[in-house]
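Architecture at a glance
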Amino acid sequence: MKRFNIKIWQLLLTIALLAIWIYSYIANTDITNSVVASGMRFGMPLALAAMVGIMCERSGVINIGIEGTMLLSGFTGFYIASWSKNIVVGLLVAILTGVLTSFVHAMMTIQWKMDQIIAGTIINILASGLTSFLYKEGSTIPNSWPIFDIPLLGRLPFIGHAFFTQQGPIQYLGLLLIPAIWVMMYKTRWGLRTRAVGENPGSADTAGVSVIKVRMINVMIGGAIGGLVGGFICLELVGSFSKEFTAGSGFTALALMIFGRWNPMGAFAAAILFGLAQALSTQLQIFGVTNIPNQFITMLPYVFTIVVLAVSAGKVRPPAAAGRSYEKEQA
Amino acid sequence: MKFKISRDALVPVASVLAALAIGAILIAAQGHSPLEVYKVLIVKGFQSTAGLQATLSKAGILIMSGLAITFGLRAGLFNIGAQGQVLSGALAFTYIGYRVHGLPIWIHLPFALLVGALFGALVGGFAGYLKATRGVHEVISTIMLNSIMAAVVDYLTQNQFRLKSQPNTRTPDILHSARLPHIFGFPTGFIVAVILAVVVGWIFRKSTVGFELDTVGKNRNAAWYAGISVKKSIVLGMLISGAIAGFTGGMFSAETTGYFVPAFYSGIGFDGITIALLGRANPIAIIPGAIFIGGMRSAQSAIQFQAGVSPDIINLLLALVLFFATAPLIAKMIKSNAKSITTTSGWGS
Amino acid sequence: MEALLRIENLSKSFPGVKANDDISIDVNKGEIVALLGENGAGKSTLVKSVFGLVKPDSGTITIKGEVIEPGDTAAAIRHGIGMVHQHFQLVPVMSVVENIILGDEPHKGAFVTKKAAREEVIALSKRYSLDVDPDAIVEDLPVGIQQRIEILKALRKDIDLLILDEPSAVLTPHEIDELLEVIRKLAASGVGILFITHKLHEVMAVADRVVVLRNGKLVGTTSPKETDEEGLAQMMVGRNVVLSVEKGPARVKEVALEIRELSVKDDRRLDAVTHFSLEVHAGEILGIAGVEGNGQRELVEAICGMRHRENGSVRVSGKDSPDMDPRGVHLMGVSHIPEDREKDGLVSSYSIADNLTLNQFNLKPFADKGVRNFAARDEYADRLVKEFDIRTPSFQNSASSLSGGNKQKVVVARELTQNAHVIVASQPTRGVDVGSIEFIHKQLISARDGGAAVLLVSAELDEILSLSDRIAVMFGGKIVAIIDGQGADRQYIGRLMAGLSE
Ligand SMILES: Nc1ncnc2c1ncn2[C@@H]1O[C@H](COP(=O)(O)OP(=O)(O)O)[C@@H](O)[C@H]1O
Ligand SMILES: [Mg+2]
């Protein structure tokens, strides 16, 4: 399985790069750069949100509450940044909120053994209820994160422009974080244990590894990443909080996770491809190349998500224990 | 599904109290009086005749959308995006309702409702088809279809179906022959909803089809072993769930809105989730929850100008009720053994 | 001398059962103690308590004089206990190395040192001469090798006590001999062994001492020198048991089930059954012997219409039966006792009555025009509960309230009262008490005598030997031989099951 996975994400990444490259030949460079940059901006939050799903599901917990986690942490991050006039504090609070939200999720799914889909739904509904009630118009953040180029890497051919220019710090952090999660998952002791717990918790338990602990910690790391995404969107990409700003992207992230076969690099490649497709269609729209009504452009990511799943979902194998709570005494 | 009235019925009540308590803290934190807010809720929702009428009318709609979710849950399907089916049903109903002239009410109204149900069924059934044949989990597909339907419906309302003489985006008025009459001032929709609940209850209790769906929902392998087609049941479950959602959209248009603006329908599908989960996917047991939530929803707008609190307080209170009622927190405290409800876990098809 | 392991007054209850009731056992250094008992006697619970997987209600467990913390697997491992589990505890998608090192990985900082891990596994496998490919993915390996990985996992740390919970259940006779050899060697090197099985000849072959459990209680201690298999069986069950089944000669009639050139794939889309042909006559029991995982499950599912037939045909009473249509196959007169009753055979939250009509709920008299008739169902259920001696206060109770043997009786009652032409019985007595086994065997024989064709699939060679009129041995998705049931030679069949030709 694992070896196969790597092939898939390499393939996807190649396709994405190839697409960028061809595009940069046929269109003019300025437009190319801005499309690629906006593709990265569309893709990165989704890629990071998919990491939340991966952290949870690799350890055997399905998390459909990513949406709510991002919403809540974007909310607290933004208002705390606005109140403290400090976006760093805002980001930290966003991450903390993500951790707390996922703690509630972890309690419901791991400790109380609730149905995991319903637990995630509750997180989403709670987040939506809390943020819409506490929402206040007219707040602003003092500044947003600077946009800059990475000195040397930015000048690499093709990928330099795509990955290392015209972005903010959290975007670049994502580029570090995702491979780091991959390394963690496949090279470290913790990763080995996490995957074992997600595939057959009994094997981990009988080897003296605490299933509950591994799951709790992974879900909360996932929550921290979810919080980061919330802060990323509200403090770096958009610079404000709007009600229901997640608009289903937590679910799209899950689809990308499935498409990328629960592999961090696979999901990353899928998300970048997705972001580019979206950037491209937006660009075409702006330049009036097409006169498709904008509702249909808005629709594209959702259609794409369904298509992606229809193509891949039946063929991939999720972590075998995902969705099931662990009963120790049946080991 | 059956549960002992004594302890198990305490869970929802205790959940509501806990939610109100936390809500009170948050309201107070915003500098308002929680008592004032809750008073408005009760007075507006449940005291006056007009209030009761509005509550029951809203409750009828919510019973129906709760039934849509319930129907799916019983077959092990979580139709989390019923909202998209409500919208498509509502717009289809509205179109037939304003476009087809010259029919008597006893043909026009049922026909338009049927078309509404059909469109809801198409959207839900498509998700069921994707699950049965391609292994696409309905939680993701219906959420995506939600957004897709929202865009389609928005496009149609702004273009082909738009009433051009009005500055704001809306469809023409639904003809009187497709409006739901009140019987002695009593909201007819509520009666229809209760009948529908009884019918759905009967399907799962007495009919072989209901037994097949129930079996698929409880143990797919055993269902297949027993000769029940799991794929067919998945499609059928989503189809009927979608049909009920589409019907709900039609009924709401026929009884309350009178024309179509997408925003009118917001929240109907999602409240259905809360109601179905509170009633533990029992078609009859969802009724009290629907009436309670109907009351809160119909008092919602009054809260804003009478108590000065954001109407979104209702969303928050409902979310808290759902949390307390579903998480085994309170159930453990009062030692209820009511089994928590499960959907089909996992991503498998 | 101080005992290596000392279990004192250990008790453990689960809702409704006292799985262990005040049990005390010692195991000495280098001693092989066999723990014997019927299914459900509490053997697994007892050893899981020792290994910290179950937290006992009371009692103490001492190893080398130190009391170990109850319910703490990591502590048990630290104290030098290793365990081979009844259900393999392996991660199918991971490599052999990853599986063996899990829980105590060779590492530098946070990273697993793959090379060191691999070398360690190779050295380990050399040391105990248990050959494995360190880089193979576990799910690609045959069960015998998976078992070996389980043992290597347990032996990896220098252990003083090795627990084996029914390690031979899925092995070929030859593999079992190898396993017993490993056990003897380990004991000779000073490791204490606690060995669970319900196969009496294994006990006779290897144990120094035998401890027998029944209904959670310790009923006696003996040794192979003092008793024989009959004696052990009597201790296990608590009364005289006839180990053989009484049956008259078969009155064989026309072919009722005809399988021709059948090919089936497993869940991973690999060939499980290839060009399989077989005829079963009305009035006979044809037993399929074979080590589990040689295509039996896929064969049964394909016959019953539950799994796609890639190729070939299945004819019932001379007519083609439909592919992927369990209801269609059932309506042609095929009954099916599935191998996994919990997964396929029952809906545990349904009442016993609903389960007794699970594949007839839509037929008359249980339903008419899509409306179910509860009176007919209840009357039928009431009759079957009595006829098949299903122990329950009421047929309205849920199936989950029944014990394993009674659950199986529900399935058997449902399948054998439908006057089927063909009965496909897969592992019909797995996890069932001796009393129920006798009963189910009698039912199968009377179905045969009533003119049904019975296809019996079982991993228990003894069951195949005692019931079958003809025996087909299955290996690698094919039949390697068909032999007469009368006077069939156990050793010979064992060799065929292992894929050794003649
Ligand atoms: N986790 C559990 N929950 C409830 N009952 C259990 C559990 N594990 C075992 N039992 C019950 O305890 C009894 C003993 O089981 P077990 O120790 O597995 O028996 P054995 O290994 O001898 O077959 C059985 O009646 C079984 O149903
Ligand atoms: Mg056991």
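Residues numbered from 1 in each chain as written. Chains lettered and ligands numbered in written order. Predicted model: local features only at pLDDT ≥ 70, side-chain atom pairs only at ≥ 80, totals over all residues. Heavy atoms only, no water.

**Things to note about the nonpolar core**
- B:Ile63 and B:Ile313 are the most contacted members of the largest nonpolar core, which totals 200 residues.
- Residues contacting B:Ile63, with those up to four places away along its chain left out, are B:Phe190, B:Ala193, B:Val194, B:Ala197, B:Ile286, B:Ile287 and B:Ala290.
- Core analysis: the next-biggest nonpolar cluster, separate from the first, contains 52 residues, C:Val96, C:Val121, C:Leu152 and C:Val191 among them. (Core = buried A, V, L, I, M, F, W, Y, C linked by side-chain atoms within 4.5 Å. Buried < 20%, exposed > 50% of the residue type's maximum accessible area, 1.4 Å probe, protein only. Contact = heavy atoms within 4.5 Å.)

**What about the pairing of strand 12 (residues 217-222) of chain C?**
Residue and element names in this part refer to chain C.
- Relative to strand 12, strand 11 (residues 209-214) runs antiparallel, the two being bridged by five bridges. Of the residues in strand 12, the one forming a bridge with Arg 214 is Lys 217.
- As consecutive antiparallel partners, strand 11 and strand 12 are separated by two residues, and within that stretch Asn 215 has a phi angle of approximately 50°, a positive value. (Pairing = 2+ DSSP bridges. Helix = DSSP H or I, 4+ residues; strand = E, 2+ residues; numbered from the N terminus.)

**Quick word on the coordination of the magnesium ion (ligand 2)**
Residue and element names in this part refer to chain C.
- Here the magnesium ion (ligand 2) is held by Ser 44 (OG) and Gln 86 (OE1), and the distances to it run 2.0 to 2.4 Å. Pair noted here: Ser 44 is in helix 1 (residues 43-50) and Gln 86 is in the loop between strand 6 (81-84) and helix 3 (96-101), with a separation of 42 residues, a long-range link.
- The exposure class of Gln 86 is partly exposed, given its relative accessible area of 29%. (Donors = N, O, S within 2.8 Å, 3.2 Å for Na, K, Ca; no water.)

**Focus: the site of ligand 1**
- Contacts to ligand 1 come from 12 residues, most closely from C:Gly40, C:Gly42, C:Lys43, C:Ser44 and C:Thr45.
- At the site occupied by ligand 1, nearby residues are drawn from chains A and C.
- For ligand 1, an oxygen atom lies 2.9 Å from a polar atom in the backbone of C:Gly42.
- C:Ser44 places a side-chain nitrogen or oxygen 2.7 Å from an oxygen atom of ligand 1.
- For ligand 1, whose free accessible area comes to 560 Å², the fraction covered by protein is 69%.
- For the shell around ligand 1, the secondary structure elements donating two or more residues are strand 2 (17-27) and helix 1 of chain C.
- Residue contributions to the shell around ligand 1 peak at three residues, all from helix 1 of chain C. (Near = heavy atom within 4 Å. Polar contact = N/O pair within 3.5 Å; in protein donor to acceptor, adjacent residues only side chain to side chain. Areas by Shrake-Rupley, 256 points an atom, 1.4 Å probe, with all protein chains shown as cover.)

**Quick look at the interface of chain A and chain B**
- Opposite the 46 residues of chain A that make contact, chain B presents 48 residues.
- Taking both sides of the interface into account, the surface hidden between chain A and chain B amounts to around 3,900 Å²; carbon and sulfur atoms contribute 78%.
- The tally of links between chain A and chain B comes to one salt bridge.
- A salt bridge links A:Lys243 to B:Asp312; its shortest N-O distance comes to 2.7 Å.
- Our enumeration of links across chain A and chain B arrives at three residue pairs in polar contact (both at pLDDT 80 or more).
- When residues of the side of chain A that touches chain B are traced back to their parent elements, those giving at least two are helix 4 (87-111), helix 5 (116-134), helix 11 (249-259) and helix 13 (294-312) of chain A.
- Along the lines of polarity and charge, the residues of the side of chain A that touches chain B split into 32 nonpolar, nine polar and five charged. (Buried area = accessible area lost by both parts, 1.4 Å probe. Salt bridge = Lys/Arg side-chain N within 4 Å of Asp/Glu carboxyl O. Nonpolar A, V, L, I, M, F, W, Y, C, P; charged D, E, K, R; others polar.)

**Notes on the sheet that holds strand 12 of chain C**
Residue and element names in this part refer to chain C.
- Taken in spatial order, the six strands make up an open sheet running 6-9-10-3-11-12, and their pairing is mixed. At either margin of the open sheet sits one strand with a lone partner, and together these are strand 6 and strand 12. Neighbouring strand axes in the sheet, compared pairwise and without regard to direction, differ in orientation by 20° on average.
- Here strand 6 runs beside strand 9 (residues 161-165); their pairing, made up of four bridges, is parallel. In the strand pairing of strand 9, Met 83 is matched with Ile 163.
- Sitting on the sheet, helix 8 (residues 229-237) touches strand 3 (32-36), strand 11 and strand 12, and the angle it makes with strand 11 is about 35°. (Axes fitted to C-alpha atoms, helices over the stretch in contact; angles between N-to-C directions.)

**As for the pattern of salt bridges**
- Per the stated rule, a full pass over the model turns up 50 salt bridges over all chains.
- Here B:Arg170 and B:Asp173 are joined by a salt bridge, their closest N and O atoms 2.6 Å apart.
- Of the residues examined, B:Asp173 reaches a relative accessible area of 47% and is grouped as partly exposed.
- Between C:Arg148 and C:Glu178 there is a salt bridge whose closest N-O contact spans 3.9 Å. Of this pair, C:Arg148 sits in helix 5 (residues 143-155) while C:Glu178 is found in helix 6 (residues 173-188), placing the two residues 30 residues apart along the sequence.
- On the basis of relative accessibility, which here comes to 37%, the residue C:Glu178 falls in the partly exposed class.
- In the salt-bridge network here, residues are joined through shared partners; they are C:Glu258, C:Arg260, C:Glu279, C:Arg315 and C:Asp320.

**Remarks on the domain arrangement of chain C**
All names here are of chain C.
- You can read the domains of chain C as domain 1 (5-237), domain 2 (243-333 + 420-502) and domain 3 (342-418).
- Across the boundary between the two partners, domain 1 contributes 15 residues, which contact 14 residues of domain 2.
- Summed over both sides, the interface of domain 1 with domain 2 buries roughly 1,200 Å², with 60% coming from carbon and sulfur.
- Taken together, the links from domain 1 to domain 2 amount to zero salt bridges.
- Connecting domain 1 to domain 2 are zero residue pairs in polar contact (both at pLDDT 80 or more). (Domains from an automatic or database assignment.)

**Section: helix 13 (residues 286-298) of chain B**
Residues and elements named next belong to chain B.
- Across its 13 residues, helix 13 extends 18 Å between first and last C-alpha, which sits within 8% of the 18 Å expected from 1.5 Å per residue.
- If you check which residues of helix 13 are buried, you get Ile 286, Ile 287, Gly 289, Ala 290, Ile 293, Gly 294, Gly 295, Met 296 and Arg 297.
- Contacts made by the buried residues of helix 13 are with helix 3 (34-47), helix 4 (49-74), helix 8 (188-206), helix 12 (268-278), helix 14 (300-307) and helix 15 (313-326). (Expected span 1.5 Å × (residues − 1).)

**Focus: the environment of B:Tyr129**
Residues and elements named next belong to chain B.
- Following the sequence through the fold, Tyr 129 ends up in helix 6 (residues 105-134).
- Residue class for Tyr 129 comes out partly exposed when judged on its relative accessible area of 47%.
- The contact partners of Tyr 129, leaving out residues within four places of it in the chain, are Arg 134 and Val 235.

**So, the confidence of the model for chain C**
- The predicted model of chain C averages 91 in pLDDT, with 98% of residues at 70 or higher.
- Interface confidence for the predicted complex, given as ipTM, is 0.89, next to a pTM of 0.89. (pLDDT = per-residue confidence, 0-100.)

**Examining the packing of aromatic side chains**
- Tallied over the entire structure, the rule returns 23 aromatic pairs over all chains.
- Consider the rings of B:Phe252 and B:Tyr265, whose centres lie 5.6 Å apart with planes at 75°: the pair is edge-to-face. Here B:Tyr265 lies in the loop between helix 11 (230-257) and helix 12 and B:Phe252 lies in helix 11, a separation of 13 residues in the sequence.
- When its relative accessible area of 0% is taken as the criterion, B:Tyr265 is described as buried.
- Through a chain of ring-to-ring contacts, three or more aromatic side chains come together here, namely A:Phe75, A:Phe78, A:Tyr79, A:Tyr135, A:Phe241 and A:Phe245.
- A cation over a ring is seen here: B:Arg74 above B:Phe204, with NZ or CZ 4.7 Å from the ring centre.
- Positioned over the ring face of B:Phe211 is C:Arg372, at 3.9 Å from the centre of the ring. (Phe/Tyr/Trp six-rings, centres within 6.5 Å; stacked < 30°, edge-to-face > 60°. Lys NZ or Arg CZ within 6 Å of the ring centre and 35° of its normal.)

**Observations regarding the environment of C:Asp267**
All names here are of chain C.
- Secondary-structure assignment places Asp 267 in the loop between strand 13 (255-265) and strand 14 (271-281).
- With a relative accessible area of 63%, Asp 267 lands in the exposed category.
- A C-alpha to C-alpha distance of 9.5 Å links Asp 267 and Arg 307, two positions 40 residues apart in sequence.
- A distance of 3.0 Å separates a polar atom in the side chain of Asp 267 from a polar atom in the side chain of Arg 307.

**Some points on the packing of helix 11 of chain A against helix 7 (residues 138-158) of chain B**
- Contact geometry for helix 11 of chain A and helix 7 of chain B: axes closest at 10 Å, N-to-C directions at 135°. What the angle tells us is that helix 11 of chain A and helix 7 of chain B run oblique. In the packing of helix 11 of chain A onto helix 7 of chain B, the handedness of the crossing is left-handed. Residues A:Phe251, A:Thr252, A:Leu254, A:Ala255 and A:Ile258 of helix 11 of chain A lie in contact with helix 7 of chain B, whose contacting residues are B:Val139, B:Ile140, B:Ile143 and B:Met144. (Parallel < 35°, antiparallel > 145°, perpendicular 65-115°, else oblique. Left-handed = near helix turned anticlockwise from the far one by under 90°.)

**Quick look at the confidence of the model for chain A**
- The pLDDT averaged across chain A works out to 87; a share of 91% of its residues lies at or above 70.
- For the stretch residues 1-6 of chain A, pLDDT sits under 50, and the model shows 14 contacts to residues farther than four places along the chain or on other chains.

**Focus: the interface of chain A and chain C**
- The interface is formed by 27 residues belonging to chain A together with 33 residues belonging to chain C.
- Around 2,500 Å² of area is buried between chain A and chain C when both sides are counted, 55% of it from carbon and sulfur atoms.
- Here chain A is connected to chain C by four salt bridges.
- A:Arg189 serves as the salt-bridge partner of C:Glu105, at 3.2 Å between the closest nitrogen and oxygen.
- Only helix 1 (2-26), helix 7 (169-187), helix 8 (189-199) and helix 9 (201-206) of chain A provide two or more residues apiece to the side of chain A that touches chain C.
- Here the side of chain A that touches chain C gets six residues from one element, more than from any other, and that element is helix 8 of chain A.
- Residue composition of the side of chain A that touches chain C, by class: nine nonpolar, seven polar and 11 charged.

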